[in-house]
Amino acid sequence: MELRPFLMCFALCVVYATSKPTEKKDRVHHDDPLSEKEHEDAENFDYDHDAFLGEEEAKTFDQLTPEESKERLGMIVDKVDGDKDGFVTEDELKAWIKKAQKKYIYDNADRQWKDFDMNSDGLVSWEEYKNVTYAAYEDDNDPDDGFNYKQMMSRDERRFKMANKDGDLVANKEEFTAFLHPEEYDYMKDIVVLETMEDIDKNGDGFIDLEEYIGDMYNQEGDPQEPEWVKTEREQFVEFRDKNKDGKMDKEETKDWILPSDYDHAEAEAKHLVYESDTDKDGRLTKEEIIAKYDLFVGSQATDFGEALVRHDEF
């Protein structure tokens, strides 16, 4: 059975508790680049392939003929077209690219799904999740490991309710994924901020002051002198984190810190793909327009640069 989200938190707590005092804890969530490759369309479309398909899936297209690539791309386009109106918009492309880049998250949710969907109805209820995760601890008021399971269960229930959009406390696969990985979903950002503030706000006043901010990152025990990065973080708090200069971070200031508005790689790539493929310049793509530019989206053995990859028998 997969580790539960709260057990993952335990592991992180142990790591932080046993790490060296000079090691820095990072609570900031950043979007990763879409590909490690350079975005140089004049040379190849490798970056676009990784962005549109995800790195692992892109490798499978490298072994296909142009005809096979076009056929598989056509099936993908049907999935990208979320509203099934026959056109692919920038927003639909952006959503698809984000999903392709987060495949590991969906894989993780898939692995855990079978553990929690106890009645195999294709849904996970809060009762199912609670029974699997907390049943062994519900009546134990003094667990040996010292963790407050009732408090953790209440926190999990609050997050589950937030992930469950229709409020029936029964999650489909997408809602369950949002529960497990709230930082990846816009509508779950508030719960990420709230849980972070609860973790750091030791005096319970609903704010994060300078000492709480530093104390969450740095354990001075056994360290006679603060490392330079701690001094830098103090300056960061005063200069940038505490925007209204009241000596503490509120909810919005905390959100700006842990969920910064980074450059949106998926949005930029979606705009690029539409610009390169939209032959009639109506701002949206038909399946025909996409397949005509299959080499940009998915590639194949035959490339625009005169190279042919050897097709192995196992493919």
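What you are looking at is a predicted structure, and each value in this text was computed from that prediction instead of being measured.

Colleague: Before we go on, may I ask you to explain the UniProt feature "domain: EF-hand" (unreviewed entry) in the chain in this structure?
Modeller: Within the UniProt annotation, "domain: EF-hand" (unreviewed entry) is assigned to residues 68–103, 104–139, 188–223 and 265–300. End C-alpha to end C-alpha, residues 68–103 measures 23 Å, and it is 72% helix and 0% strand.

Colleague: Is there a simple way to think about the packing of aromatic side chains in this case?
Modeller: Note on aromatic pairs: each is described by the distance of the centres and the angle between the planes. Scanning the entire structure with this criterion turns up 15 aromatic pairs. Here the aromatic rings of Tyr185 and Tyr187 are separated by 6.2 Å at their centres, their planes lie at 80 degrees, and the arrangement is edge-to-face. With a relative accessible area of 11%, Tyr185 lands in the buried category. Its relative accessible area of 28% is what places Tyr187 among the partly exposed residues. Summarising the aromatic geometry, the rings of Tyr213 and Phe237 are spaced 5.2 Å apart at their centres and angled 50 degrees between planes, so their arrangement reads as tilted. Remark: Phe237 occurs in helix α12 (residues 228–241) and Tyr213 occurs in helix α11 (residues 210–217); sequence separation between them is 24 residues.

Colleague: How should I be thinking about the nonpolar core in this particular structure?
Modeller: Soluble globular proteins: nonpolar side chains tend toward being buried together. With 37 residues, the main nonpolar core has Tyr129, Phe176, Phe179, Tyr213 and Trp257 as its most contacted residues. Of all the secondary structure elements, the ones that give two or more residues to this core are α6 (103–116), α7 (126–134), α8 (149–163), α9 (173–180), α10 (189–200), α11, α12 and α13 (251–258). Listed in part, the 27 residues of the second largest apolar core include Leu64, Leu93, Ile290 and Phe297.

Colleague: Whenever I open this one, the environment of Asn164 confuses me. Can you help?
Modeller: Considering the arrangement of structural elements, one finds Asn164 in the loop between α8 and β2 (170–171). The class for Asn164 is buried, based on a relative accessible area of 2%. Leaving out residues up to four positions away in the same chain, Asn164 has contacts with Leu169, Val170, Ala171 and Glu175. Here the side chain of Asn164 touches Asp168 through a polar contact of 2.8 Å, landing on its backbone nitrogen.

Thresholds, definitions, all that
Residues numbered from 1 in each chain as written. Predicted model: local features only at pLDDT ≥ 70, side-chain atom pairs only at ≥ 80, totals over all residues. Heavy atoms only, no water. UniProt positions renumbered as here; feature names shortened; annotations may be inferred. Helix = DSSP H or I, 4+ residues; strand = E, 2+ residues; numbered from the N terminus. Phe/Tyr/Trp six-rings, centres within 6.5 Å; stacked < 30°, edge-to-face > 60°. Buried < 20%, exposed > 50% of the residue type's maximum accessible area, 1.4 Å probe, protein only. Core = buried A, V, L, I, M, F, W, Y, C linked by side-chain atoms within 4.5 Å. Contact = heavy atoms within 4.5 Å. Polar contact = N/O pair within 3.5 Å; in protein donor to acceptor, adjacent residues only side chain to side chain.

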